[in-house]
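Commentary on secondary and tertiary structure
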Amino acid sequence: MRFDSPKCYDFALKDADVVYYPRYFDVETSNRYFDTLLDQTPWQHDDIKVFGKVYPQPRLTALYANNNTPYSYSNIVMKPHPFTPALRDIKTSIDHTTELKFTTCLLNLYRNGQDSNGWHADNEKELGENPVIASVSFGAQRAFHMKHRHDKTQKLKLNLEPGSLLIMRGTTQHYWLHQIPKTKKNIKERINLTFRIIK
């Protein structure tokens, strides 16, 4: 495994600490991980409850961890699978970069432009007071939006490239929301890995 570029972008955002590595994994490595994860992951399609109504979640998901601790969000409770060799390799790289030990990875499969993830924060209690979220993207490029909860002038729009790594830490989840919006563009599949530490 090699890195195309060590370059990273540290965004000067109010009440947030967000760093982006656009080419964290090189193209060959990124494509290999995408194919492996797409084929070998036991993807599940859960219902999600929004404002009292139940809808099919607009993406597929899977949970992996180095323990048996379930993870809950939006009235969904997921039980983890053991880390696969590919996920362990990815986690080892990210652990080294962040100098942390992530315990859990939530995978999302966006099948096309209509699959999405609405405005939310990763602020579940089991993630601790100031969660660190390390998000890796493989496959199609997708838009990523952030907005401050209180200051409407504070926004960020970013295209998450295949092989990229986005790290959100500090008070980001307290003050900011993020989303993957729907698009009418003809977009192929994207796999997103969000590594986190469950206390």
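Structure report, in brief. (Residues numbered from 1 in each chain as written. Predicted model: local features only at pLDDT ≥ 70, side-chain atom pairs only at ≥ 80, totals over all residues. Heavy atoms only, no water.)

This part takes up unusual backbone geometry. Backbone geometry places D15, a non-glycine residue, at a positive phi of 60°. Examined against the element boundaries, D15 turns out to sit in the loop between β1 (9–11) and β2 (17–21). The backbone of E99 sits at a positive phi, close to 60°, despite the residue not being glycine. Topologically, E99 is positioned in the loop between α2 (85–98) and β9 (104–110). Classification of E99 by relative accessible area gives exposed; the value is 72%. (Helix = DSSP H or I, 4+ residues; strand = E, 2+ residues; numbered from the N terminus. Buried < 20%, exposed > 50% of the residue type's maximum accessible area, 1.4 Å probe, protein only.)

Core analysis: the biggest nonpolar cluster contains 30 residues, and I90, I94, L107, V136, F138, L193 and F195 have the highest contact counts within it. Residue assignment for this core shows that the elements contributing at least two residues are β2, α1 (27–40), β5 (60–65), α2, β9, β11 (133–139), β14 (165–169) and β16 (190–196). Once residues within four sequence positions are removed from consideration, L193 is found in contact with L37, L87, I90, C105, L106, L107, A134, S135, V136 and F138. One finds L13, V18, L166 and I198 within the second-largest nonpolar core, a separate group that totals 24 residues. (Core = buried A, V, L, I, M, F, W, Y, C linked by side-chain atoms within 4.5 Å. Contact = heavy atoms within 4.5 Å.)

Attention now goes to the sheet that holds strand β10 (residues 117–120). Ordered by their spatial adjacency, four strands build an open sheet running β10-β15-β12-β13, and the pairing between neighbours is antiparallel. In this open sheet, the two strands that pair with only one neighbour each are β10 and β13 (155–160). Between one strand axis and the next, the sheet turns by 15° as a mean value, whatever way the strands run. Two elements, β10 and strand β15 (residues 176–180), share two bridges in a ladder whose sense is antiparallel. Residue pairing for β15: N117 is matched across the bridge by I180. (Pairing = 2+ DSSP bridges. Axes fitted to C-alpha atoms, helices over the stretch in contact; angles between N-to-C directions.)

Any functional reading would require information beyond the geometric quantities listed.
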